[in-house]
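Analysis of the macromolecular model
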Amino acid sequence: MTTRPFRVLIGKPGLDGHDRGAKFVSRALRDAGFEVVYTGIRRTPEEIAAAAVQEDVDAVGLSLLSGAHNELFPAVIAALEKAGGGDIPVFGGGVIPAEDIPGLKRAGIRSVFTPGTPVKDIIASVTALCQAQAAKV
Amino acid sequence: MATHPALQDWQDKVLKKMLDKAPEMRPEFTTLSGLPAERVALPTVIDDAYVAKVGFPGQYPYTRGVQPTMYRGRLWTMRQYAGFSTAEESNKRYRYLLDQGTTGLSVAFDLPTQIGYDSDDAIARGEVGKVGVAIDSLADMEVLFNNIPLDKVSTSMTINAPAAVLLAMYVAVGEKQGVPSQKLEGTIQNDILKEYIARGTYIFPPRPSMRLITDIFAWCSQNTPSFNTISISGYHIREAGSTAVQEVAFTLADACAYVDAAIAAGLDVDVFAPRLAFFFNGSSDLLEEVAKFRAARRMWAKIMKERFKAKKPQSQMLRFHTQTAGYTLTAQQIDNNIVRVAMQSLAAVLGGTQSLHTNSKDEALALPTEDSVRTALRTQQIIAYESGIINSVDPLAGSYYVEGLTDTIEREALALMSRIDELGGVIPAIEAGFIQRQIEDAAYTYQSAIETNDRIIVGVNKFQAKESITPPVFRVDASVGANQAAKLKSLREKRDNVKVDAALAALATAAKGTANLMPPILDAVRLYATLGEICNVLRKEFGTYSDLKSR
Amino acid sequence: MRTPADIIAGILARNPRAVGRAISLVENGDPRAGEILAALEDSRVAAATILGITGPGGAGKSTLTGQLIGHYRALGRRIGVVAVDPSSPISGGALLGDRVRMMAHATDENVVVRSMATRGRIGGLCAAAGAAVRIMALAGCDPVIIETVGVGQAEIDVVRLADLTALVMAPGLGDDIQAMKAGLVELADILVVNKGDHPAAEALMLEMTPVARERGRALVRTVATEGKGIAELADTATALAAAQRASGEQARRRQRNREAEAVDWAVELLRPAIRAAIHSAGPGCDPRATARAALADLLGRPSESLPTLSEAAFKPIIPISPIVESVEAAHGCCSATHA
Ligand SMILES: Nc1nc2c(ncn2[C@@H]2O[C@H](COP(=O)(O)OP(=O)(O)OP(=O)(O)O)[C@@H](O)[C@H]2O)c(=O)[nH]1
Ligand SMILES: [Mg+2]
């Protein structure tokens, strides 16, 4: 495989409009050489899944600050599966209590980033997810 | 002390009038060690420049505050933003807070309510009752204020796009309690422009949204004269990552757009302007924040007087609520947040705020627990009762540093506002993405400085500690969504649906024309039409707005 | 879904994953791309109308595209969109944000949207845009819309890819539009004044009306945020496309465009060999002479048989034949349609 930019979709499921984090991560990923498709705020899990499949991304990142992650992150995984993108790795971030993380991982969220995670750690982890995904193609 | 005619004038006209009307809380104020505390400390020489730029509290240009005696007369309102889950649960929390000494209620609605969806709408999945209370109809609102007499409390409601509907519900609850609308006190946020800019709970495109707002202004000036009809908010602009200068500039630019719209709708500036309130962020750079509040007050006074020709002093006064900066709270070593909040509260009080919400230490993790809410409230009370800051009005005036920063913020914010004017005003500047991009760039710069350790955040990128115990987090009962849905189902069966449909049709007709929308909304609310039903009628007539592209 | 045959079958079955994957393979220069490109010689691809949407940054291209999606869906058409945004020249990364304005139809399986980055290409599109558009056509989309990056006067790749190009302008973008008058305004088939709700829209309409009349172009006023003027724009495009097809203009353009694209690829393919030849010959002191000598060497022809440098220089990039007749056939005259 030639070297090419990884493609990542950053989605905001749920209804909260706090996109400071999502935008920062999008920009940081762009500056690290990623092509980032940003969906805008207030997307349903189905919309995010459909976009991820059409855009043929290597990974999907979710940002949510309203506390609805336990419902909506797994809903995105389910929607992806239904849309034929069940193999696309999903990571997430936001105001997520530590005790929720194991449950999210069991639901198929590959990495969870809580507030204060250095962005270089996020980039490294997303890069690894994308590399593994690209190797499968 | 050299006297200046303006000082005499202020003493005779402004101060005396206030003291006659509302005496100070104590006959005399002293420091902790018994020294006399001056009400308003003044420079040794009072010259024209001082009078024009800094002046005296309670008098134009209000740099030193909107009241001549400030907190010696009355403390700021301690108003804790709260609400979660169902109306029943939130009602309990409000009564707890009132017992603990808060002096005003501040209602947090959940996101479906803020965006005008009923709890049983598919899009509300997972969000019902999460960041605030779920209100679907007047029935929920009745429960929310059960045993809270609306003529005794002032209630602030963080509601924007569907503000007209929630205000109508509040008025209708008042009616049921036998409280006439004329006696209701409180604030609706009702600031849609900052939703497009920073907060995201918009529904309709800008122009019909502005119509809803001016309809509220007009209706309230007749029906709820003691209600603040808007709370023009820089808070969320700052939370989204702006600088202090941008916060002031964008907030005041928004305010100008509302005043323009109201004047264009035929309202008299001195009728609605006294009901405009503001809402700012209290962030961590203590002295910059104090300067920010002072600069904003002076700018607004000048704008109202010079640009909008407002004559009443109340029209020129920038009265504001402050909330401490949520974005500065860290998930690491959460006790540190108590100190941050204390510092930010000091900034707000030293800057002359009218009311204050203090964040709780655990809000970077989840909704606050009852214990941490109490500590946050105690922080305000300690400042009010132990710090001595309230003894003297605008105590930092005359500091070379603070006065200099006040001037700088004013100058830079005015420059930014004129760039917005060049773009044709706030709405075109939003549509062109100018304002959002400015904020995004500032947020990126701020965060990048943290990532590179150029900016230290204690406990995050320096002085880290290994934390073994995870603090208890507050959880909203997961069954709220199902409960609300069940309540809606039975409501729709019980109410008179023929009448509801007729009221919704009348609303649609009004929306097509130019009539004030408050009366048909109030009619629909009284018949228990739901929030989602009412907003769907308006969605159909007005269309919806979609997110802006990020660059 | 890894073999080209699987992917082609998936495209024909309208599987969105296959469409997305096929575009990526072409975009990434994957060895499997060749077989997929070969499958694009297909009547479905020939029949689909490709509509270019170009214009300065922020004029409302994406919002308009979002509205056109709604319009064509209401007519029961299956529609594809390729939206291009610039890559950062520093990191090579990109923020692809056009889709935000097209999310109203995100879960409609008859709407296929692909965001692409320019990846160093400077003409307003990316190298794989043509293939992406054709892949969508093969997947049953008609029309396929291609949205360019925000352009100035020089980015005109889109007119070589699309059957029809709409140039979107908006009030308040003064200098950009002046700059375009020399370029895109000449080349576009439809001129759109968007943000028709803006106080200065009338002035821009007045400015563009004689320009449109002079060149026999349709001029449409829209308010993309409110959906106004969308039907007029779509109808104008449909009528023009039909007229072009009937008059043989479409076939001529496509042939010319394919030729131009082939030339591009030929130059691309030659580039490494040229670079090697020049590198081994050394740059000399006159780079132009070096170029001539190296190329002659490479082609095994005497350098006298190559065009002289003055002949080669500064030919107009893309002569476009005017289509005044077809516009008038469609409209009776070049009308300024008001929203
Ligand atoms: N008032 C008004 N605003 C519009 C209209 N059309 C688009 N906009 C606004 O203009 C801004 C830019 O719109 P886009 O559709 O993203 O523009 P674009 O041309 O795709 O921009 P790039 O892809 O960045 O080149 C957005 O804020 C839109 O809401 C319109 O008809 N009227
Ligand atoms: Mg665009």
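What you see is a predicted model; the values in this text were computed from it and never measured. (Residues numbered from 1 in each chain as written. Chains lettered and ligands numbered in written order. Predicted model: local features only at pLDDT ≥ 70, side-chain atom pairs only at ≥ 80, totals over all residues. Heavy atoms only, no water.)

Turning our attention to the sheet that holds strand β5 (residues 227-228) of chain B. Residue and element names in this part refer to chain B. Strand order across the open sheet formed by nine strands is β5-β4-β3-β2-β1-β9-β8-β7-β6, with parallel pairing between neighbours. Strands with a single pairing partner mark the edges of an open sheet, and in this sheet they are β5 and β6 (230-233). In this sheet, strand β9 (residues 355-357) lies alongside strand β8 (residues 320-324) in parallel orientation, the contact comprising three bridges. Considered in β9, the bridge of His321 is made with Ser355. On top of the sheet, helix α6 (residues 163-177) reaches β3 (154-157), β4 (185-188) and β5; it is set at about 155° to β3, its chief contact. Sitting on the sheet, helix α14 (residues 336-350) is in contact with β7 (276-282), β8 and β9, with an inclination near 165° to β8. (Pairing = 2+ DSSP bridges. Helix = DSSP H or I, 4+ residues; strand = E, 2+ residues; numbered from the N terminus. Contact = heavy atoms within 4.5 Å. Axes fitted to C-alpha atoms, helices over the stretch in contact; angles between N-to-C directions.)

Moving on: the packing of helix α20 (residues 497-512) of chain B against helix α21 (residues 518-526) of chain B. Residues and elements named next belong to chain B. At their nearest, the axes of α20 and α21 sit 9 Å apart, and the two run at 165° to each other. What the angle tells us is that α20 and α21 run roughly antiparallel. Crossing geometry of α20 relative to α21 is assigned as left-handed. Residues Ala503, Leu504, Leu507 and Ala510 of α20 touch α21, and the partners they reach there are Pro520, Ile521 and Ala524. Split into classes, the residues belonging to the contact of α20 with α21 amount to seven nonpolar, no polar and no charged. (Parallel < 35°, antiparallel > 145°, perpendicular 65-115°, else oblique. Left-handed = near helix turned anticlockwise from the far one by under 90°. Nonpolar A, V, L, I, M, F, W, Y, C, P; charged D, E, K, R; others polar.)

Once that is clear, we can look at the interface of chain A and chain B. Taken together, the contacts link 37 residues of chain A with 41 residues of chain B. For the pair chain A and chain B, the summed buried surface comes to about 3,000 Å²; carbon and sulfur atoms form 52% of the total. A per-residue breakdown of the area chain A buries against chain B is headed by A:Leu15, A:Arg20 and A:Arg27, which together make up 27% of the total. Between A:Arg27 and B:Asp441 there is a salt bridge, with the nearest N and O atoms lying 2.9 Å from each other. (Buried area = accessible area lost by both parts, 1.4 Å probe. Salt bridge = Lys/Arg side-chain N within 4 Å of Asp/Glu carboxyl O.)

Below, the discussion takes up the domain arrangement of chain C. Residues and elements named next belong to chain C. We note that the domain assignment places domain 1 (1-39), domain 2 (43-247) and domain 3 (253-338) within chain C. Using C-alpha coordinates to define each centre, domain 1 is positioned 25 Å away from domain 2. Taken together, the contact between domain 1 and domain 2 spans 14 residues of the former and 16 residues of the latter. Note on domain 1 versus domain 2: buried area summed over both sides is about 1,300 Å², and carbon and sulfur give 66% of it. Sorting the residues of domain 1 by area buried against domain 2 places Arg14, Ile23 and Glu27 first, and these three jointly supply 46% of that buried surface. Put simply, domain 1 and domain 2 have two salt bridges between them. Glu27 is paired through a salt bridge with Arg119; the nearest N and O atoms lie 3.6 Å apart. Scanning the region where domain 1 abuts domain 2 turns up four residue pairs in polar contact (both at pLDDT 80 or more). Counting only elements with at least two residues in the side of domain 1 that touches domain 2, the list comes to α1 (4-12), α2 (16-27) and α3 (33-38). (Domains from an automatic or database assignment. Polar contact = N/O pair within 3.5 Å; in protein donor to acceptor, adjacent residues only side chain to side chain.)

All right, on to helix α5 (residues 119-136) of chain A then. Residues and elements named next belong to chain A. Relative to the 26 Å expected for 18 residues at 1.5 Å per residue, α5 spans 26 Å between its end C-alpha atoms, a close match to the ideal helical length. Those residues of α5 that fall on the buried side of the exposure criterion are Val119, Ile122, Ile123, Val126, Leu129, Cys130, Gln133 and Ala134. For α5, the buried positions fall inside an angular range of 130° around the axis, keeping them on one side. Pointing more than 90 degrees away from the buried face of α5 are the exposed residues Lys120 and Ala135. (Expected span 1.5 Å × (residues − 1). Buried < 20%, exposed > 50% of the residue type's maximum accessible area, 1.4 Å probe, protein only. Arc of directions from axis to C-beta.)

Okay, the pairing of strand β4 (residues 90-94) of chain A next. Residues and elements named next belong to chain A. With five of five residues buried, β4 lies mostly within the body of the structure. Both faces of β4 are covered, namely the face carrying Val90, Gly92 and Gly94 and the face carrying Phe91 and Gly93. Of the strand pairs in this sheet, strand β3 (residues 59-64) and β4 are connected by five bridges, and their pairing is parallel. Paired with Leu64 across the two strands is Gly94, which belongs to β4.

On to the nonpolar core. B:Met141, B:Leu193, B:Trp300 and B:Ile435 are the most contacted members of the largest nonpolar core, which has 152 residues in total. The greatest single-element share of this core, amounting to 13 residues, is contributed by helix α10 (residues 244-264) of chain B. Excluding residues within four positions of it along the chain, B:Trp300 makes contact with B:Leu252, B:Ala255, B:Cys256, B:Val259, B:Leu276, B:Phe278, B:Ser315, B:Gln316, B:Met317 and B:Leu318. Grouped together as the second largest cluster of nonpolar side chains are 55 residues, C:Ala128, C:Cys141, C:Val159 and C:Leu184 included. (Core = buried A, V, L, I, M, F, W, Y, C linked by side-chain atoms within 4.5 Å.)

Let's shift gears to a nonpolar patch on the surface. On the surface, B:Ile456, B:Val458 and B:Phe463 cluster together to form a nonpolar patch covering roughly 270 Å² of accessible area. Relative to the helices and strands, B:Phe463 is located in the loop between α18 (434-451) and α19 (480-494). (Patch = residues over 30% accessible without salt bridge, like charges linked within 9 Å, V, L, I, M, F, W, Y side chains within 5 Å. Areas by Shrake-Rupley, 256 points an atom, 1.4 Å probe, with all protein chains shown as cover.)

Now for the environment of B:Leu522. Residues and elements named next belong to chain B. Mapped onto the secondary structure, Leu522 falls in helix α21. Under the relative-accessibility criterion, Leu522 is labelled buried at 5%. Expressed as a C-alpha distance, the spacing of Leu522 and Ala503, which sit 19 residues apart in the sequence, is 9.5 Å. Leu522 has contacts with Ala168, Val171 and Trp219, leaving out every residue within four places of it along the chain.

Before going further, it helps to spend a moment on the side chain of B:Ser90. Here B:Ser90 is to be found in helix α3 (residues 87-100). The exposure class of B:Ser90 is buried, given its relative accessible area of 0%.

Looking now at the coordination of the magnesium ion (ligand 2). All names here are of chain C. On the protein side, the magnesium ion (ligand 2) has Ser62 (OG), Asp98 (OD) and Glu147 (OE) as donor atoms, found 2.0 to 2.2 Å from it. On the primary sequence, the residues serving as donors to the magnesium ion (ligand 2) are separated as S-x35-D-x48-E. With Ser62 in helix α5 (residues 61-74) and Asp98 in the loop between β3 (94-96) and β4 (111-117), the pair connects residues that are 36 residues apart, well separated along the chain. Note on accessibility: Ser62 and Asp98 belong to one class, buried. (Donors = N, O, S within 2.8 Å, 3.2 Å for Na, K, Ca; no water.)

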